[in-house]
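Residues per chain, in single letters:
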Amino acid sequence: MKRIVVVLAVMLLWSLPAMAETYTWTDKNGTVNFSDNYYSVPKQYRKKVHRLGDIDAPPPSADTEKGGERQSSARGMDKSGDTGNGSYGGKKTGVWQEEFKVHYAEVRQLENELTELEGLIKKPVGISRERMDGLPQEFKATQKRYNDALKAYNDLNDAANKVGLPAEFRK
């Protein structure tokens, strides 16, 4: 048991320089829980939650939540996460829109390439023997690029969710 506690303590201390917000609380069964989202902490434990990481900022107060809706006015933002100057997470809405546009276009282009390659693999009509032999490797490489592009798009969407970017700016 002591080893587990020591390992956990070392891991926590090692992760502190990353300055990530991590919330920890102990439930009624004595289980220590962790989360990176304050609002995923059950309401009955929020008064006793400990914040690890970003030392300067206190955890959101219980009155910043009203009717199940997150209120960000305590941080200088309105309900949407907008700081009042048209930016979310330090980026203007136009920048968010352009990033979504670029990532979406890349994902669509790679989807089309995969469909085309799949068609060539199924019916290799009008292509050289050398190209036909290389199609499986080309398909795998394109599939990897597609998976990377899709992950980047999903990461962008997660970041937008985190800062409260409304859906109309994600097109």
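This structure is a prediction, so every number in the text was calculated from the model and none was measured. (Residues numbered from 1 in each chain as written. Predicted model: local features only at pLDDT ≥ 70, side-chain atom pairs only at ≥ 80, totals over all residues. Heavy atoms only, no water.)

1. What to know about the confidence of the model for the chain
Thought 1: Looking at the chain, pLDDT values average 74 and 70% of them are 70 or higher.
Thought 2: Below pLDDT 50 for its whole length, residues 62–83 participates in 32 contacts with residues either more than four positions away or in separate chains. (pLDDT = per-residue confidence, 0-100. Contact = heavy atoms within 4.5 Å.)

2. As for the nonpolar core
Thought 1: With 17 residues, the main nonpolar core has Tyr88, Trp96, Phe100, Val107, Tyr146, Ala160 and Leu165 as its most contacted residues.
Thought 2: Looking at this core, the elements with two or more residues in it are helix 2 (93–122) and helix 3 (129–163).
Thought 3: Look past the residues within four positions of Val107 in its chain and what remains in contact with it is Tyr146, Ala149, Leu150 and Tyr153.
Thought 4: The next biggest cluster of nonpolar side chains, apart from the first, holds seven residues, and it includes Trp25, Tyr38, Tyr39 and Val49. (Core = buried A, V, L, I, M, F, W, Y, C linked by side-chain atoms within 4.5 Å. Buried < 20%, exposed > 50% of the residue type's maximum accessible area, 1.4 Å probe, protein only. Helix = DSSP H or I, 4+ residues; strand = E, 2+ residues; numbered from the N terminus.)

3. With respect to helix 3
Thought 1: Between its terminal C-alpha atoms helix 3 stretches 51 Å, which fits the 51 Å expected from 35 residues at 1.5 Å a residue.
Thought 2: For helix 3, the set of buried residues is Leu135, Phe139, Thr142, Tyr146, Ala149, Tyr153, Leu156 and Ala160.
Thought 3: On its buried side, helix 3 packs onto strand 7 (91–92) and helix 2.
Thought 4: Just downstream of helix 3 lies Gly164, where phi reads positive at about 80°. (Expected span 1.5 Å × (residues − 1).)

4. Section: helix 2
Thought 1: The terminal C-alpha atoms of helix 2 lie 43 Å apart, and with 30 residues this matches the ideal 44 Å at 1.5 Å per residue to within 8%.
Thought 2: By the burial criterion, the buried members of helix 2 are Thr93, Trp96, Phe100, His103, Val107, Leu110, Leu114, Leu117 and Leu120.
Thought 3: Taken together, the buried residues of helix 2 touch strand 6 (87–88), strand 7 and helix 3.

5. What to know about the environment of Asn33
Thought 1: Mapping Asn33 onto the fold places it in strand 2 (residues 32–35).
Thought 2: Taking C-alpha positions, Asn33 is 8.1 Å from Tyr23, a pair spaced ten residues apart along the chain.

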